[in-house]
Structure formats: structure tokens, C-alpha cells
Amino acid sequence: MARLFWGLDSSTQSLSSIVIDLDSRKVVHEASLNFDKTFPQYGTVNGVLRNSDPLVVHSPPLMWVDALDAMCERLRGDGVPMNEILAVAGSGQQHGSVYLNNRAADALKNLQPKKSLSAQLARCLSRPTSPIWMDSSPIVECVEIRKTLGGVAATARATGSDTFERFTGPQIRRFYKRQPQDYDRTACICLVSSFMASLLAGQIAPIDHGDGSGMNLMDIRKKAWHPKALAATAPNLREKLPPLAESWRVIGPVSSYFVEKYGLNPAALAVVWSGDNPCSLIGLGMVEEGTLAISLGTSYTCFGLMKTCRVDERGEGHVFVAPTGDYMSLICFKNGSLACERIRDMYSYDWKQFTEAFRRTKPGNQGALMLPWFEPEIVPRINRPGLRRINLDDRDADANCRAVVEAQMLSIRLHSAWMKVKARRVLATGGGSVNPAILQVMADVMNCPVNRLEITKSAALGAALRAAHAYLKHRRQPARWTEVLRGFTEPPPNSEVRPDKRAASVYKKLIKQYAAAEKTALEEMAAATQRSRRMLV
Ligand code: XUL
């Protein structure tokens, strides 16, 4: 019998699944269900429900529940030997929250295989929709919680991050302030991750330390609920939160619902779920300090493992607990691949022409710089978006293409300095990583080799690997991370882009000019905000 482990990833737009065979070191099954296409009855667009207030972004939790049933059906239909799965873990989009009433615990305990999961959970929600990470409505609540905790640096030191609108604590506070009766009716607040784990385990699941770090509610060093942060957020919150747990905690055997309905092994273990970023850390094989991952998607993220907890006291970055029990740092830039696309379109280039522009221009762009903040930016915090050019001719298409990429890479280098991780290697993932010109600028700015990783489902793979690790630990068998990962996460051969020494020294100087340009722009923005405030008075 093979030793199979199952990893799921409940992300914003889809539910993905990966089954791995730990003995042959192979992925034996992969599947993905797109929410909009598979469940049109929920009316989502890209997995979310838009509101008349553009800051409010929710998703229907019952859609995620239906997706779990559909995924089990799919695995069984595809002939996956469900009885050979030894453990299942998962990954959830971070920060999103699910609000359950006092019927939920019983419903989870008594799941009936004859009915669907969603039919049995429909009456268990105290809030029909879930705010997710794209929701940026609790602006006032962020200010209030930060103030109670003693300011930006103190909040970051206490919870791993300054308050952020998408973080769960500020979201809970807004719910409590606007719908106090519904808040009172809430018996349990889950994260997307712990909610999905609760279904598989047939009981309310703990929140793991990794996803718990994205709430502004957990003491990042003690890995326990932070009493002052709870009090700053909403009354009686402690009794509504499940316990916290290590990322390798086994909740128990899977619910008999999945055994009877889909043929899962009754002894299969349900392991706690974690957030998608902590799971990706594992799926990319990052269990040692010294490697950074840069994901080039719609937004860009940069993250890495940290052995000790070092927070960003300026409040731009985040520290989460890693699934290894260490820490991980993360920064999230909103103006990612879309900014490149905007510049490309501005000059009517296609991607080939955009890439060729790098051959016709020189690293450092002869001192020309760009600040490509088309959208409000998270890092640095920019609330007055706009494209800014410094010594850059707007008629020079090639120089503008180079400038946008150089700006993004310089910004990543500059704003990741607080992590104090000397990157010996960068792993590039996400759509933008197929572009060799972008990877060369990345290698030159970061001054280290860059490997492109072709793993597309890094969060689901990370979840499957976490399931294997938790199972081995539970059975008191050797569970060294490097051994668990072997064969699954190595970068493909010949995928390395090496830094060019001369270009690297150009960027070492240019980063100072870039930092100065950013500082000037931030000062101008602050002055403009002051002026408009004065005009309002
Ligand atoms: C991280 C973040 C996103 C979500 C969605 O802080 O908000 O990466 O985890 O995937």
C-alpha cells in the first residue's frame, strides 16, 4: 500500500488539490475547481462578491463548503485510492473569517453522508458571507486598535504586524461595531483555513500559529492569544476564538462523513490547516534561512524563513509563524504585474517587444527612475496613486519598460532590508517569472542567483507535505523537513539566472537614488494630504 498524503488549497478563486506519494516522491493526482465556473449559483466574480462600497469584499463560505464535496467527488471519480490517504492538511487564503453560531459544533459532529455538507451547515452561520483579504473597509478600526496597542511599532512588536485593513482583528471589530447583535450570536470565529479543517475533522478546528499571525490578535512571540489585542478588538472575543495550535497538530481522525461517502480511510488523520503563504513556504522547500521567494503575480510578494522573530517596526512588513515552528517574513506589493502591463500598453508593445527593450537599454537606465504606483500601494503606504518619472523621458518606450521593472526590484530590495536576511538565492514564481529579462534584473538587483520554480500549486503542495510531516511526527517516526521535502521541491536543472557583476554594482549605487526619490514622493504626498485637510477645515 502506498503512503499517500493529501493537500488542499482553498484560495480566492479556486479549490486546488494535490495528492503525493511519499515513497515514490511523486505527485499522483492534481485537480482544481474554479469557483465562478463550478458554482455559478453563488454569483461570484473571481471568487468574490462585490459590494456597492468598493472597499467591502466578501465571499460566500458555503461555496467553499460545496467545493470540498465536489473535490472529494472528483478524486473518487478519477480513481484516487482514497483508502490509501494517511493524512490530509490544507491551505487557506489568509485573513478571511467565517462566523458560526451555536448550532455549528453539533452539526459538524453529526455530519450525515446522505446530505451535502452545505445543506448541513447552512443554518450554522451567524454571518452569511465572509470578509476576505481583499476587503479594506476597517480603516477606522485599524487606527483604533493600533492606538490602544501603543502605535505602529508597538503593534508590530506585539502581533507581528502593524494593523492592516485585511487582517482579521480589524475586520472583527468592524463587524462588532456595525452588527452587535450578529456578533453576539456568533459562537465561534474561524479563519478560512480552520473552517475548512473543521469540516474534515468533524469538529471546530484550532487555528494554527501561521494563520493566527495574520489576525493582529496573536502574541507573535508567545504564540498565544494577546489579551490586550483581544480587548482592543471586541468584547468577549476570547470565548469566540478556537484554541491556537502548532502547524503539525493532528485534530483527530477524519469525520466519518468522508469515510462513508467518499471511501477515505477511517484512520486517516485530519491535520490543522494553515495560511497560503506559510504553506507556500513549504511548497517551495524553504526550511532554512537564506533563500527568499519572490512571487510575481497580480501583486508581488517577497517572503523568507527567519530563525528568530524580527519585526518591521516601520509597519510595512509582516511576520508570521512558519509551519516549521520558526518565523517567516512577508511583504506584499499591490502594483505587481499589472504595473508592467500598464507600461507595456502605454507604448503599445507586446510582451516580446517589452522584453527586447532590455537589450536596447543598459542596467541602471542612465539614472532614469520611475515610481510605478498606479494603484494605492501597500509598500510603501501610498494613498495618492500615480505614475512618477525622475530623469525619465516619457517618449522613450524602451527606457520606460526597463524603469518599471528596475523600480519594482529596487523596491523589493529596499523594503526587505528589515528582514535582515542575506539572500544567497532567490526563488522566482508566479506568472511574471517566465520573463527572462525580469529575472535578470532581479538577479542583478538582489546580487544573487535566481532560480525559477515551475511549481504552480505551491500552497497545495506545501499542505500535502505538511500532512506527511504531521503524520510522521504523530507516529513518532523521523520527520526532518529536508527529508520530507526531498524530491518534491528542488528547482529544475538549468533554471538559474546568475547576477552580472557590473550591473550589480550599478544597482548598489542606484538604490540610494531610488530611496531618495521614494522619500521625496512620500513627503510630497504627506504635504498634499495636510493641505487638503486644511482646506476642509
Ligand atoms: C497575505 C495576503 C494574501 C492572501 C491571499 O498577507 O493578504 O497573500 O493570503 O492569498
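Calculation rules
Residues numbered from 1 in each chain as written. Predicted model: local features only at pLDDT ≥ 70, side-chain atom pairs only at ≥ 80, totals over all residues. Heavy atoms only, no water. Axes fitted to C-alpha atoms, helices over the stretch in contact; angles between N-to-C directions. Helix = DSSP H or I, 4+ residues; strand = E, 2+ residues; numbered from the N terminus. Parallel < 35°, antiparallel > 145°, perpendicular 65-115°, else oblique. Left-handed = near helix turned anticlockwise from the far one by under 90°. Contact = heavy atoms within 4.5 Å. Buried < 20%, exposed > 50% of the residue type's maximum accessible area, 1.4 Å probe, protein only. Polar contact = N/O pair within 3.5 Å; in protein donor to acceptor, adjacent residues only side chain to side chain. Near = heavy atom within 4 Å. Areas by Shrake-Rupley, 256 points an atom, 1.4 Å probe, with all protein chains shown as cover. Nonpolar A, V, L, I, M, F, W, Y, C, P; charged D, E, K, R; others polar. Pairing = 2+ DSSP bridges. Disulfide = S-S within 2.5 Å. Salt bridge = Lys/Arg side-chain N within 4 Å of Asp/Glu carboxyl O. Patch = residues over 30% accessible without salt bridge, like charges linked within 9 Å, V, L, I, M, F, W, Y side chains within 5 Å. Lys, Arg positive; Asp, Glu negative; His and termini not counted. Charge placed at Lys NZ, Arg CZ, Asp CG, Glu CD. Domains from an automatic or database assignment. Buried area = accessible area lost by both parts, 1.4 Å probe. Core = buried A, V, L, I, M, F, W, Y, C linked by side-chain atoms within 4.5 Å.

**Section: the packing of helix α16 (residues 397-415) against helix α17 (residues 436-446)**
Okay, step 1: Between α16 and α17, whose axes approach to 9 Å, the crossing angle comes to 40 degrees. Comparing their axes, α17 and α16 come out oblique. Relative to α17, α16 is oriented so that their crossing is right-handed. Contact residues: Arg 402, Val 405, Glu 406, Met 409, Leu 410 and Arg 413 in α16; Ile 438, Val 441, Met 442, Val 445 and Met 446 in α17.

**Focus: α17**
Okay, step 1: The buried fraction of α17 is high, at 9 of 11 residues.
Okay, step 2: The set of residues buried in α17 consists of Ala 437, Ile 438, Leu 439, Val 441, Met 442, Ala 443, Asp 444, Val 445 and Met 446.
Okay, step 3: A distance of 2.9 Å separates the backbone nitrogen of Ala 437 from a side-chain oxygen at the start of α17, and that oxygen is part of Asn 435.
Okay, step 4: Looking at the residues trailing α17, positive phi occurs at Asn 447, about 55 degrees.

**Concerning the site of the ligand**
Okay, step 1: Taken together, Gln 94, His 95, Trp 133, Arg 166, Asp 276 and Asn 277 make up all the residues around the ligand.
Okay, step 2: In this structure, an oxygen atom belonging to the ligand sits 3.1 Å away from a side-chain N or O atom of Asn 277.
Okay, step 3: Contact with the protein chains hides 91% of the accessible area of the ligand, taken as 290 Å² for the molecule alone.
Okay, step 4: For the shell around the ligand, the per-class residue count stands at 1 nonpolar, 3 polar and 2 charged.

**A short note on the sheet that holds strand β17 (residues 291-296)**
Okay, step 1: What the 7 strands build is an open sheet, ordered β19-β20-β18-β17-β23-β24-β25; its pairing is mixed. Looking at strand neighbours, the two that pair on one side only are β19 (318-321) and β25 (496-497), the edges of this open sheet.
Okay, step 2: When β17 meets strand β18 (residues 300-306), the two strands line up antiparallel, connected through 5 bridges. Residue pairing for β18: Ala 293 is matched across the bridge by Phe 303.

**Focus: the sheet that holds strand β8 (residues 130-131)**
Okay, step 1: In space, the 3 strands of this open sheet follow the order β4-β5-β8, with antiparallel pairing throughout. Sheet topology places β4 (49-50) and β8 at the edges, where each strand pairs with a single neighbour.

**Some details on the state of the cysteines**
Note: disulfide means a covalent bond formed between the sulfur atoms of two cysteine side chains.
Okay, step 1: Summed over all chains, the structure comprises 0 disulfides.
Okay, step 2: You can see Cys 124 has no disulfide; the closest cysteine sulfur is in Cys 190, sitting 11 Å from it.
Okay, step 3: Residue class for Cys 124 comes out buried when judged on its relative accessible area of 3%.

**Considering the pattern of salt bridges**
Okay, step 1: The full count for this structure, using the stated rule, is 24 salt bridges.
Okay, step 2: For Arg 76, the salt bridge is made with Glu 73, and the minimal N-O distance between the two is 2.8 Å. Here Arg 76 pairs with Glu 73, and both are found in helix α2 (residues 61-77), just 3 residues apart, close to one helical turn.
Okay, step 3: Here Arg 76 falls in the partly exposed class, since its relative accessible area comes to 41%.
Okay, step 4: We classify Glu 73 as partly exposed; its relative accessible area is 38%.
Okay, step 5: Residue Arg 402 pairs with Glu 406 through a salt bridge whose shortest N-O separation is 2.9 Å. Here Glu 406 and Arg 402 lie together in helix α16, a separation of 4 residues that amounts to about one turn.

**Let's talk about a positive patch on the surface**
Okay, step 1: Taken together, the side chains of Arg 413, Lys 422, Arg 424, Lys 508, Lys 509 and Lys 512 present a region of like positive charge at the surface.
Okay, step 2: Counting residues per element, the positive patch draws most heavily on helix α20 (residues 501-536), at 3 residues.
Okay, step 3: Assignment of secondary structure puts Arg 424 in the loop between α16 and β23 (425-429).
Okay, step 4: On the accessibility criterion, Arg 424 (58% relative accessible area) is exposed.

**As for the domain arrangement of the protein chain**
Okay, step 1: Taken domain by domain, the protein chain holds domain 1 (4-279) and domain 2 (286-454 + 500-537).
Okay, step 2: Residue-level contacts link 27 residues of domain 1 with 23 residues of domain 2.
Okay, step 3: When domain 1 packs against domain 2, the two sides together hide about 1,900 Å² of surface, and 58% of this comes from carbon and sulfur.
Okay, step 4: Glu 313 is the partner of Arg 157 in a salt bridge, and the nearest nitrogen-oxygen pair spans 3.0 Å.
Okay, step 5: In terms of residues, the side of domain 1 that touches domain 2 owes the most to one element, helix α6 (residues 152-159), which gives 4 residues.
Okay, step 6: Considered class by class, the residues forming the side of domain 1 that touches domain 2 number 10 nonpolar, 11 polar and 6 charged.

**Details of unusual backbone geometry**
Okay, step 1: Omega for the peptide link from Val 379 to Pro 380 comes to -10 degrees, which places this bond in the cis form.
Okay, step 2: Tracing the backbone shows Pro 380 in the loop between β21 (369-373) and β22 (386-390).
Okay, step 3: Of note in this structure, Asn 236 is not a glycine but carries a positive phi near 55 degrees.
Okay, step 4: Mapped onto the secondary structure, Asn 236 falls in the loop between α11 (227-233) and β13 (244-245).
Okay, step 5: In the Ramachandran plot, Arg 476 falls in the positive-phi region, its phi being about 55 degrees despite a non-glycine side chain.
Okay, step 6: By the secondary structure assignment, Arg 476 is in the loop between α18 (458-474) and α19 (481-485).
Okay, step 7: The exposure class of Arg 476 is exposed, given its relative accessible area of 78%.

**Points about the nonpolar core**
Side chains of a nonpolar character, in soluble globular proteins, are inclined to be buried together.
Okay, step 1: Judged by nonpolar contacts, the single largest core of 126 residues is most densely connected at Phe 5, Trp 225, Val 405, Met 409, Val 426 and Met 442.
Okay, step 2: Per-element accounting of this core gives the leading share, 10 residues, to α16.
Okay, step 3: Of the domains in this structure, domain 1 (4-279) and domain 2 (286-454 + 500-537) are the two that each give at least three residues to this core.
Okay, step 4: What Trp 225 contacts, discounting residues up to four positions off in sequence, is Ile 207, Met 215, Leu 217, Met 218, Asp 219, Leu 230, Arg 238, Leu 241, Pro 242, Pro 243 and Leu 244.
Okay, step 5: Formed by 56 residues, the second largest nonpolar core is a distinct cluster that contains Trp 6, Ile 132, Cys 188 and Trp 273.

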